[in-house]
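Analysis of the macromolecular model
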Amino acid sequence: MANNSPKCPLCGHDLSGLDHGYCPECGRAVNRYTDRAREVFACANEHAIRLFCGEEPGQKKPRWWWPPSDTHGFIMPCHVLLGLICGPEGIGRSAMLACSANLKDLRDKVVTGWPARRVIAIPDGARLRVHAGTHRVVREAIEQSHGLGQNWVGTEHLLLALCTRGDWTTRRYLLGAGISHERVRTFIVQNMAAIGGIDVAVEAAHTNPK
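Now for a quick tour of the structure. Values in this document were obtained by computation on a predicted structure and should not be read as measured data. (Residues numbered from 1 in each chain as written. Predicted model: local features only at pLDDT ≥ 70, side-chain atom pairs only at ≥ 80, totals over all residues. Heavy atoms only, no water.)

**Side note on the packing of helix H5 (residues 132-147) against helix H6 (residues 155-165)**
- The contact between H5 and H6 brings their axes to 8 Å, and the two run at 120 degrees. With respect to H6, the element H5 is oriented oblique. Taken as a pair, H5 and H6 cross one another with a handedness that is right-handed. For the pair H5 and H6, contact is made by Gly133, Arg136, Val137, Glu140, Ala141, Gln144 and Ser145 and by His157, Leu158, Leu160, Ala161, Leu162, Thr164 and Arg165, respectively.
- Grouping the constituent residues of the contact of H5 with H6 by class yields 6 nonpolar, 5 polar and 3 charged. (Axes fitted to C-alpha atoms, helices over the stretch in contact; angles between N-to-C directions. Helix = DSSP H or I, 4+ residues; strand = E, 2+ residues; numbered from the N terminus. Parallel < 35°, antiparallel > 145°, perpendicular 65-115°, else oblique. Left-handed = near helix turned anticlockwise from the far one by under 90°. Contact = heavy atoms within 4.5 Å. Nonpolar A, V, L, I, M, F, W, Y, C, P; charged D, E, K, R; others polar.)

Here it is in structure tokens:
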């Protein structure tokens, strides 16, 4: 029987009964991650493993192999972007499409841009550690959620965070596809306001970060 209890998207710790606060295992802030946001991280983990192992479709042919004892793989911001592109349907993906982004081309650029100089052996189903840059994205996603007056973290907040706190390469991929923080946030505000998801008066007074 499948275990559907909520888990920390970073370390996988069981968070049953904890809707907000801090994960008791890794100490990171927890703020009601939606099921789709958790799926994005699971998908990011899968793509990271395939890229590190040189098995992602369309990836450049690796030049040499390093044994697993020499280095370890991390979930990096670009892997989270792949999780948004190839993972579950959600507001984040809808926002990218609303920016007229070609998601196939964006995915191909991320994959072909992955360094071809190293390969490591990672077993299927392994849970990779989270890179410090990805921790910054997660914290920023919580801030983006708070800035919108919401008490959950969804795919849309992860996308906003990548636009502002992702590493330079990830932000370059997003901007090259026409995806900016301002455009994504405008799409989210328009759609949430339409269904009464946020206080429009409060939102109108909020200053968008540049």
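What follows picks up the thread again.
**Notes on the environment of Met192**
- With respect to the helices and strands, the residue Met192 is situated in helix H8 (residues 181-194).
- Expressed as a C-alpha distance, the spacing of Met192 and Leu148, which sit 44 residues apart in the sequence, is 9.5 Å.

**Quick word on the state of the cysteines**
- For the structure shown, the criterion picks out 0 disulfides.
- Just so you know, Cys86 is unpaired, no disulfide at all, and the nearest cysteine sulfur is the one on Cys43, 5.7 Å from it. (Disulfide = S-S within 2.5 Å.)

**Describing unusual backbone geometry**
- The backbone of Ser100 shows a phi angle near 65 degrees, a positive value even though the residue is not glycine.
- With respect to the helices and strands, the residue Ser100 is situated in the loop between helix H3 (91-98) and helix H4 (103-112).
- Owing to a relative accessible area of 64%, Ser100 belongs among the exposed residues under this scheme. (Buried < 20%, exposed > 50% of the residue type's maximum accessible area, 1.4 Å probe, protein only.)

**Let's talk about the pattern of salt bridges**
- Summed over the entire model, instances satisfying the criterion amount to 5 salt bridges.
- The closest approach of N and O atoms between Glu56 and Arg50, which form a salt bridge, is 2.8 Å.
- Among the salt bridges present, the one from Arg107 reaches Asp108, with a minimum N-O distance of 3.1 Å.
- According to the relative accessible area criterion, Arg107 is buried, its value standing at 14%.
- One salt-bridge network, held together by shared partners, links Arg50, Glu56, Lys104, Arg107 and Asp108. (Salt bridge = Lys/Arg side-chain N within 4 Å of Asp/Glu carboxyl O.)

**Brief notes about the packing of helix H1 (residues 35-53) against helix H2 (residues 77-86)**
- H2 packs onto H1 with a crossing angle of 120 degrees between their chain directions and a minimal axis gap of 7 Å. Here H2 runs oblique to H1, going by the angle between their axes. Considering how the two elements wind past one another, H1 and H2 form a crossing that is right-handed. Along the contact surface, H1 presents Val40, Phe41, Cys43, Ala44, His47, Ala48, Leu51 and Phe52, while H2 presents His79, Val80, Leu82, Gly83, Leu84 and Cys86.

**Comments concerning the layout of surface pockets**
- Of the pockets and cavities examined, the second largest pocket occupies roughly 240 Å³.
- For the second largest pocket, the lining is made up of 11 residues, of which Met76, Cys78, Gly113, Trp114 and Pro115 are closest to its centre.
- Per-class residue counts for the lining of the second largest pocket are 6 nonpolar, 2 polar and 3 charged. (1 Å grid on protein atoms, 1.4 Å probe; cavity = no way out; pocket = protein on both sides within 12 Å on 5 of 7 lines; lining within 4 Å. Points joined across faces, edges and corners; volume = space filled by probe spheres on them.)

**Examining the environment of Ile122**
- Within the fold, Ile122 resides in the loop between H4 and strand S4 (129-130).
- Considering only alpha carbons, one finds Ile122 and Arg50, 72 residues apart in sequence, at a separation of 8.6 Å.
- Setting aside residues up to four positions removed in sequence, Ile122 forms contacts with Ile49, Phe52, Cys53 and Leu128.

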